[in-house]
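An overview of the molecular structure
Chain residues, written in single-letter form:
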Amino acid sequence: MKFRERFMKGEAEFEEIFDLTDEWNFSDEECTLREYLGLTAEEEDVWISESDEALEEMLNHERDGQ
């Protein structure tokens, strides 16, 4: 299960994204970081163009709205 799915189910804290990013950086994974984490293109854009906090807020809003 990818980070995004676990986060949406309340099984992962947002801070885990940083450990997983490090894990991906030092792995032989051929997928993109976005794919590795299970993020959408829109979520990735927010993360890159705005901030960690903006992504967290976006994910929290979606999770809490479910």
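Now for a look at the structure at hand. Nothing here was measured: the structure is a model prediction, and the numbers come from that model. (Residues numbered from 1 in each chain as written. Predicted model: local features only at pLDDT ≥ 70, side-chain atom pairs only at ≥ 80, totals over all residues. Heavy atoms only, no water.)

1. What to know about the overall build of the protein
Each helix and strand in the protein was counted, giving five helices and zero strands. For the protein, the N- to C-terminal ordering of α and β elements is α-α-α-α-α. Against the 2.2 N^0.38 benchmark of 11 Å for 66 residues, the protein shows a C-alpha radius of gyration of 11 Å, consistent with a compact globule. Overall, the C-alpha framework of the protein stretches about 35 × 25 × 15 Å when taken along its three principal axes. Taking all 66 residues of the protein together, the buried fraction comes to 33%. Considering only contacts in the protein between residues 6 or more positions apart, those separated by 24 or more positions represent 41%. (Helix = DSSP H or I, 4+ residues; strand = E, 2+ residues; numbered from the N terminus. Rg over C-alpha atoms; globule rule 2.2 N^0.38 Å. Buried < 20%, exposed > 50% of the residue type's maximum accessible area, 1.4 Å probe, protein only. Contact = heavy atoms within 4.5 Å.)

2. Let's talk about the environment of Ser51
Of note, Ser51 is situated in the loop between α4 (41–49) and α5 (52–65). Counting along the chain gives 32 residues from Ser51 to Asp19, while the straight-line C-alpha distance between them is 17 Å.

3. Some details on α5
Its 14 residues place the ends of α5 20 Å apart at the C-alpha level, agreeing with the 20 Å of an ideal helix rising 1.5 Å per residue. Buried within α5 are the following residues: Ala54, Leu55, Leu59 and Asn60. (Expected span 1.5 Å × (residues − 1).)

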